[in-house]
Amino acid sequence: MPPPCFRVLVGVKRVVDYAVKVRITPDHSGVDTANLKTSMNPFCELAVEAAVQLRERLGPERVPEIVAASVGPTACQETLRTALAMGVDRAVLVNTDAAPVSDSKAGSALQPEPLDVARTLAALQSRLQSNLILLGKQAIDDDSNQTGQLLAGILNWSQGTFLSKIEAEKEQDLLQVDREVDEGIERLRLRLPSVLTCDLRLNKPRYITLPNLMRAKTKPIETLSTSDLGVALRTYWQIVRVDEPPARRQVTMLKTVDELVAKLQQLGVLDRA
Amino acid sequence: PSVLVLAEHARGNVAPATWAALRAAQQVCGGTLSSNGNDAKQTGHIEVLVFDRVDSDMGAVLKQLAQVDGVSRLVLVCDGHCRYPVAEMLAPVIARWSAEQGYSHVFTGGSTFGKNILPRAAGILGIQPLSDIMQVCSPWEFVRPLYAGSILARVRLVPPSEPSSKTGWRCWATIRGTAFEAAQLRHDDACPTELDITDKARQYLQDAAPPAVEWLQQTGANAERPRLESAHIVVTGGRGLRDAEHFQAFVMELADRLGAAVGATRAAVDAGMCANELQVGQTGKVVAPELYIAVGVSGAVQHLAGMKDSKVIIAINNDPEAPIFQAADYGLVGDLFEIMPALLEKLSNSHKK
């Protein structure tokens, strides 16, 4: 019997670039992201890199196809193009610009919440017959850290979250993974199909070279709508208002190490030691 | 409201994030709860779900939880299958138990334990949970951070649109540990907590298909220093320390002198100066100790997200323009490689006196 194949689906999210400071709208109703620089969520880059490295390690026989998918507006094509340039074979955009909405989402330009992204990816998985889904552990805009876990729950697949290491076991449908947990590293063995979410130390995403960028332009991006996949977007949590956190502190500059020691003394922390 | 809190524990202690989740549950149930059942203020009740764990002392854990004000029942699940915190085993039990009992809220701490397990259980039931609640505004309205905490959003649960929905409003969330005090304890023994060592929930475990996951090992827990999440003092090192030797010689040394926990920026972790479990920030841990000392930390917004709620912040850095000084209460500008040896020297002198 030939060794089992990894049919990989990678989810990528378009977010406001990490270096850009976002602002709230004047009426406190939401976040003003218009005309800001966007990029692929950094944790999703780790997921794309992990998929490409898996094929480099195991070869095209065991990793015959890597598909990237994004759930969002037309502008996500740019994000998918980046994934294609990194080595993904083809891409699917699930376009939400004209998504039918089941209720109060009507008229709002909010992005889909993690549960609906997970539902969409689950439906896409069943079309593509993927057996390994790679995602970032969280997106740096809403910081939810949920999509992978929700998806694994929906599909009833094994899950490896916050991963710093992924190793495929030889000739078997097993993965050995290291998870970055609060108290150190937890090691699990997972049986496919699996949902994996990637943490920072998993790899270093490759730079995109110009030839690869040009080659990516010839790779296909298929566009589907959420209704093609039988998913209706909902608002589960409505934003009532947004605020910036309370003003920063007033700093008192100390001039010498002696002043610092005196301050520590005054704070009472030297007595404890 | 009826709130189920999933408890995290290790080595016989309830985790700090769980104490915070219990406090949030108390606030959802109407502020100050009394153990006196006649108190009109009491508008809800709290139940706690605890899974036995191979490395913990269940007697000690149950004793701690039984003292929490407003907790009417402890549901203990003991089974060989749940003794490691594996989401594939625990999540189906949480989903089935909570659906059957009809809780309006399911909370747990926003640790890697909670964030791994709670959304999986929510996915099974088709519930959209909230991550990292920082404030309870009403039983259905909460504040949570966006964009690494640079924006705080107040969000309200939208009820299911089907008028005949039997499921009702279901509010699931992880609770940010630093944003809540520990749960209030009961004043007397008037209403002892019921202990339910449930065979039903245990049955759910056994009904589940054999898990597609095998727990192999856990490494790295450092028991010698205080834990980052619960320490009163945290000393954190950043890129300015340059290498692991100086991280050890300056940051770990200062932490040990002060009885503090050690933290690190992502840059320090990436540079190989220390283990990732020490990382403080948007993608690491969120801490709020009484005193936070940042050594060689520039103060990127992603790092500030993990420590800006500390009570007192002291920053030591060679660059007077570093953003960390805008987040600090006290600052000292200068060369770390002169300041830190001098500081440690003076601290050992002051000890000898």
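Reading the values: the criteria
- Residues numbered from 1 in each chain as written.
- Chains lettered and ligands numbered in written order.
- Predicted model: local features only at pLDDT ≥ 70, side-chain atom pairs only at ≥ 80, totals over all residues.
- Heavy atoms only, no water.
- Pairing = 2+ DSSP bridges.
- Helix = DSSP H or I, 4+ residues; strand = E, 2+ residues; numbered from the N terminus.
- Axes fitted to C-alpha atoms, helices over the stretch in contact; angles between N-to-C directions.
- Salt bridge = Lys/Arg side-chain N within 4 Å of Asp/Glu carboxyl O.
- Buried < 20%, exposed > 50% of the residue type's maximum accessible area, 1.4 Å probe, protein only.
- Core = buried A, V, L, I, M, F, W, Y, C linked by side-chain atoms within 4.5 Å.
- Contact = heavy atoms within 4.5 Å.
- Parallel < 35°, antiparallel > 145°, perpendicular 65-115°, else oblique.
- Left-handed = near helix turned anticlockwise from the far one by under 90°.

Strand order in the open sheet formed by four strands is 14(A)-10(B)-9(B)-8(B), and the pairing between neighbours is antiparallel. Looking along the sheet, the strands with just one partner apiece sit at the ends: strand 14 (237-243) of chain A together with strand 8 (135-138) of chain B. Across the sheet, the mean angle separating the axes of adjacent strands is 35° when strand polarity is ignored.

Next up on the list: the pattern of salt bridges. Evaluation of the coordinates by the stated rule reveals 32 salt bridges over all chains. For D199 of chain A, the salt bridge identified is with K137 of chain A, shortest N-O distance 3.4 Å. Remark: K137 of chain A occurs in the loop between strand 8 (132-136) and helix 4 (147-155) and D199 of chain A occurs in the loop between strand 12 (194-198) and helix 5 (210-216); sequence separation between them is 62 residues. In terms of burial, D199 of chain A and K137 of chain A fall into one category: buried. Among the charged side chains, a network of salt bridges with common partners joins E183 of chain A together with R11, R227, E229 and K285 of chain B.

V8 and L134 of chain A together with L22 and F107 of chain B are the most contacted members of the largest nonpolar core, which has 142 residues in total. Here this core gets nine residues from one element, more than from any other, and that element is helix 1 (residues 42-58) of chain A. Setting aside residues up to four positions removed in sequence, L134 of chain A forms contacts with V8, L9, V10, G11, A47, A50, A51, I166, L196 and C198 of chain A. Within the second largest apolar cluster, 39 residues are counted, among which are L264 of chain A together with I233, L241 and M252 of chain B.

Packed helices, taken two at a time, are described by their axes: the angle between them and the distance between them. Residues and elements named next belong to chain A. At a minimum axis separation of 8 Å, helix 3 (residues 114-128) and helix 4 run at an interaxial angle of 50°. Taken together, the axis directions place helix 3 and helix 4 in an arrangement best described as oblique. Crossing handedness for the pair helix 3 and helix 4: right-handed. For the pair helix 3 and helix 4, the contacting residues are P114, L115, V117, A118, R119, L121, A122 and Q125 in the first and T147, L150, L151, I154 and L155 in the second.

Worth remembering: the numbers are spatial, not functional.
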